[in-house]
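# Notes for the structure review
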Amino acid sequence: MVDKEEKSSIHTDGQRKGQISWNSLDVLGIVFVPLGFVLCVLGLILGIRNGGTMLALAFSAPGLPFLVLGVWFVFVGVRQRKAQQDVLESADYVLAVMDAIEEDTHCRSRKDTQYYVRCSYVDPAGKKHVFTSRNLTERPDDEILGHEIRVYVNPGDYSVCFVDINRALEAVRKNAEKTAEEAAVPIGAENSAKGG
């Protein structure tokens, strides 16, 4: 359980938070379940129509592992999204500092590279917690490093979390636009606009 001192570092937010995106397990499940189902049904139909068990096994044997793995992938993906949604709805968050932008070496293709933002938070007890954002298709600018980011957490278990990267990237983008607008206004124009 969380002690009173640690609970004081957890903020509560009544605003609507970010959206939970699909992950690779969801995609694998969506592909594996129909593939496994079609192979199993096809094997059964061919086995019944032709009376041969070898033909039924030829299709059903590879289809069954696809079906079982697909159902497992969907189950795990749904469970992860449910845990993240519960954390978002609880509205408890900590302010972590964005430390690094890293390339996701587990999710790489020839054309696209995925990135994630690593952030850390030190709780009042002095324990450091490291969180990672969802994968991003574009590498964010290094100017986000050092900024704070909201990480929605379960106060009893920091491993169940949601890093609100969308809000952080939007805030940095707005700040950069504001800075650019201020830099674009000539000093003399600023004084003449004030009337003096």
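No experiment lies behind these values; they were computed from the predicted model shown.

## Looking at the overall build of the chain
Counting its regular elements, the chain contains five helices and six strands. Traced from its N-terminal end to its C-terminal end, the chain shows the element sequence α-β-α-α-β-β-β-β-β-α-α. Buried residues in the chain amount to 32% of all 196 residues. For the chain, the accessible area works out to roughly 12,800 Å², and carbon and sulfur atoms hold 58% of it.

## Regarding the nonpolar core
If you look at the biggest cluster of nonpolar residues, it comprises 20 residues, and the most contacted ones within it are Met98, Cys119, Phe131, Ile149 and Val151. Secondary-structure elements contributing two or more residues to this core are strand E2 (92-108), strand E3 (113-122), strand E5 (148-154), strand E6 (157-163) and helix H4 (165-184). Each residue touching Met98, except ones within four places of it in the same chain, is listed here: Val117, Arg118, Cys119, Ile144, Leu145, Gly146, His147, Glu148, Ile149, Ile165 and Ala168.

## Structural notes on the side chain of Asp123
Within the element layout of this structure, Asp123 appears in the loop between E3 and strand E4 (128-132). Buried and unpaired, Asp123 has no salt bridge, with Lys127 as the nearest side chain of opposite charge at 6.3 Å.

## Remarks on the side chain of His129
Among the structural elements, His129 can be located in strand E4. Excluding residues that lie within four positions of it along the chain, His129 makes contacts with Cys119, Ser120, Tyr121, Asp123 and Tyr158.

## Thoughts on the packing of aromatic side chains
Following the criterion strictly, the structure yields four aromatic pairs and no others. Measuring from ring centre to ring centre gives 5.5 Å for Trp72 and Phe73, while their planes differ by 55°; the resulting arrangement is tilted. Since its relative accessible area comes to 47%, Trp72 is described here as partly exposed. An aromatic cluster of at least three residues, connected via ring pairs, comprises Phe32, Phe66, Trp72 and Phe73. Lying across the ring of Tyr93, Arg150 places its NZ or CZ 4.4 Å from the centre.

## Focus on the pairing of E5
As defined by bridge partners, E5 adjoins E6 across four bridges and the pair is classed as antiparallel. For Tyr152, the partnering residue across the bridge sits in E6 and is Phe162. Remark: two residues form the turn of the hairpin made by E5 and E6, two consecutive strands paired antiparallel.

## Here we look at a nonpolar patch on the surface
Together, Phe37, Val38, Val41 and Ile45 make up an exposed nonpolar region whose accessible area comes to about 340 Å². Among the secondary structure elements, Val38 is positioned in helix H2 (residues 24-50).

## Quick look at the pattern of salt bridges
Summed over all chains, the structure comprises one salt bridge. A salt bridge links Glu102 to Arg118, with the nearest nitrogen and oxygen atoms 2.4 Å apart. Of this pair, Glu102 sits in strand E2 while Arg118 is found in strand E3, placing the two residues 16 residues apart along the sequence. Judged by relative accessible area, which is 23%, Glu102 ranks as partly exposed. For Arg118, a relative accessible area of 27% gives the class partly exposed.

## Details of the environment of Tyr158
Inspection of the secondary structure assignment puts Tyr158 in strand E6. By relative accessible area, which is 9% here, Tyr158 ends up buried. The spacing of Tyr158 and Phe131 is 27 residues in sequence and 8.9 Å in space, taken between C-alpha atoms.

## Remarks on the environment of Arg118
Counting along the chain gives 16 residues from Arg118 to Arg134, while the straight-line C-alpha distance between them is 9.8 Å. When near neighbours in sequence (up to four residues on either side) are disregarded, Arg118 contacts Val97, Met98, Asp99, Ala100, Glu102, Val130, Phe131 and Thr132.

## Things to note about the confidence of the model for the chain
Chain-level pLDDT for the chain is 75 on average; 78% of the residues reach the 70-or-more range. Per-element confidence in the chain ranges from a low mean pLDDT of 39 for helix H1 (residues 4-7) to a high of 88 for E4. pLDDT under 50 marks residues 1-8. Its contacts with residues more than four places away, or in other chains, come to 10 contacts.

Calculation criteria
Residues numbered from 1 in each chain as written. Predicted model: local features only at pLDDT ≥ 70, side-chain atom pairs only at ≥ 80, totals over all residues. Heavy atoms only, no water. Helix = DSSP H or I, 4+ residues; strand = E, 2+ residues; numbered from the N terminus. Buried < 20%, exposed > 50% of the residue type's maximum accessible area, 1.4 Å probe, protein only. Areas by Shrake-Rupley, 256 points an atom, 1.4 Å probe, with all protein chains shown as cover. Core = buried A, V, L, I, M, F, W, Y, C linked by side-chain atoms within 4.5 Å. Contact = heavy atoms within 4.5 Å. Lys, Arg positive; Asp, Glu negative; His and termini not counted. Salt bridge = Lys/Arg side-chain N within 4 Å of Asp/Glu carboxyl O. Phe/Tyr/Trp six-rings, centres within 6.5 Å; stacked < 30°, edge-to-face > 60°. Lys NZ or Arg CZ within 6 Å of the ring centre and 35° of its normal. Pairing = 2+ DSSP bridges. Patch = residues over 30% accessible without salt bridge, like charges linked within 9 Å, V, L, I, M, F, W, Y side chains within 5 Å. pLDDT = per-residue confidence, 0-100.

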